[in-house]
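Overview (structure and organization)
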Amino acid sequence: FMKLTLESCVVVFFQFTQPEYQEIQVVRGEQSGRLIFIEEQESAISKVKKLIDAYKGDLDFQVLVSNSLPQDPETSGAISQLSGLVELNNLFLKSFSVQKTKAQSRASVTAKQAEGASGNLVKPISTLTFKLELLGTYEDMKNLIEDIETNIRIFDVKNLNLAPAAKSSQNLYNYSLEVATYYQD
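Bear in mind that the values here come from a model prediction, so they are computed numbers and not experimental data.

Rules used in this analysis
- Residues numbered from 1 in each chain as written.
- Predicted model: local features only at pLDDT ≥ 70, side-chain atom pairs only at ≥ 80, totals over all residues.
- Heavy atoms only, no water.
- Helix = DSSP H or I, 4+ residues; strand = E, 2+ residues; numbered from the N terminus.
- Buried < 20%, exposed > 50% of the residue type's maximum accessible area, 1.4 Å probe, protein only.
- Contact = heavy atoms within 4.5 Å.
- Areas by Shrake-Rupley, 256 points an atom, 1.4 Å probe, with all protein chains shown as cover.
- Pairing = 2+ DSSP bridges.
- Axes fitted to C-alpha atoms, helices over the stretch in contact; angles between N-to-C directions.
- Phe/Tyr/Trp six-rings, centres within 6.5 Å; stacked < 30°, edge-to-face > 60°.
- Core = buried A, V, L, I, M, F, W, Y, C linked by side-chain atoms within 4.5 Å.
- Left-handed = near helix turned anticlockwise from the far one by under 90°.
- Nonpolar A, V, L, I, M, F, W, Y, C, P; charged D, E, K, R; others polar.
- Expected span 1.5 Å × (residues − 1).
- Arc of directions from axis to C-beta.

Right, let's get into the overall build of the protein. In terms of helices and strands, the protein carries five helices and four strands. Starting at the N terminus and ending at the C terminus, the protein contains elements arranged as α-α-α-β-α-β-α-β-β. Taking all 185 residues of the protein together, the buried fraction comes to 20%. Excluding contacts between residues fewer than 6 apart, the proportion of contacts in the protein whose partners are at least 24 apart in sequence is 77%. Surface exposure of the protein reaches about 13,500 Å², of which carbon and sulfur atoms provide 57%.

Structure (structure tokens):
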């Protein structure tokens, strides 16, 4: 009788308990994955809220948008920002040119609507393109690109070419940099 009871316990254990235990492990793994996902999402939301609070505390949101995407070309301001970033990163500015591109007309905006668009919230976007010829080290150019990325005014690096300015063993390069910024027309 005892042998039969022991055998039935072993059978019950392997037939019912072990599969249930494996299913519990799967459920625990799924639960753990969900908890990690929730923590990551809460962290991302927290970071975004902190960023929004930082902008609210320092600047009025409308002022921030106006600085990022001004209503006029503000060419001198953009030149000043770029030349300041170049100087800050120890690069030598060899030449500089600016090209202004008017916004492409939209099919949904008639000429009269475009003329009276001063009160509209949505305005056509025009582009200022800057072409810079620079001389400096690779690290200095890398830092300039990082500063352009985080500048309050929106700048896009459209093209970057480099060529050695000295012997290949020296860390000195000639750069041709094309940067675009935008404004509301």
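Hydrogen bonds along the backbone pair up the strands of a sheet, which may run parallel or antiparallel. Sheet architecture is open: four strands sit in the order β1-β2-β4-β3, paired in antiparallel fashion. The strands lining the two open edges of the sheet, one partner per strand, are β1 (92-101) and β3 (155-164). Averaged over all neighbouring strand pairs, the angle between strand axes comes to 15°, with direction disregarded. Sheet analysis places strand β2 (residues 125-136) next to strand β4 (residues 173-184), joined by 12 bridges and oriented antiparallel. What sits directly across from S126, in β4, is Y183. Of the strands in this sheet, β1, β2, β3 and β4 touch helix α3 (residues 75-88), which is tilted by about 25° from β2. Its contacts with the sheet put helix α5 (residues 138-150) on β2, β3 and β4, and the angle it makes with β4 is roughly 5°.

Within the structure shown, the criterion is met by two aromatic pairs. When the ring of F96 is compared with that of F130, the centres are 5.8 Å apart and the planes differ by 45°; the resulting orientation is tilted. Of the two residues, F96 is situated in strand β1 and F130 in strand β2; the sequence distance between them amounts to 34 residues. Accessibility expressed as a relative area gives 0% for F130, which makes it buried. Ring centres of Y173 and Y175 lie 6.1 Å apart, and the angle between their planes is 55°; this geometry places the pair in the tilted category.

In globular proteins that are soluble, nonpolar side chains generally tend to be buried together. By size, the foremost hydrophobic cluster in this structure holds 18 residues, and its most contacted members are L134, L144, I148 and L177. Contributing elements (two or more residues each) for this core: α3, β2, α5 and β4. For I148, the residues in contact, after removing those within four places along its chain, are L82, L85, F155, V157, L177 and V179.

Taken N-terminus to C-terminus, the directions of α3 and α5 make an angle of 145°; their axes are 9 Å apart at the nearest point. As α3 packs across α5, the resulting crossing turns out to be right-handed. Across the interface between the two elements, L82, L85, V86 and L88 from α3 touch L144, D147 and I148 from α5. Grouping the constituent residues of the contact of α3 with α5 by class yields six nonpolar, no polar and one charged.

In this section: α5. Spanning 13 residues, α5 covers 19 Å between terminal C-alpha atoms, matching the ideal 18 Å at 1.5 Å per step. Residues D140, M141, L144, I145 and I148 constitute the buried set of α5. When α5 is viewed along its axis, its buried side chains cluster within an angular range of 140° and face the same direction. Opposite the buried face of α5, at more than 90 degrees from it, the exposed residues are E149 and T150. On its buried face, α5 sits against α3, β2, β3 and β4.

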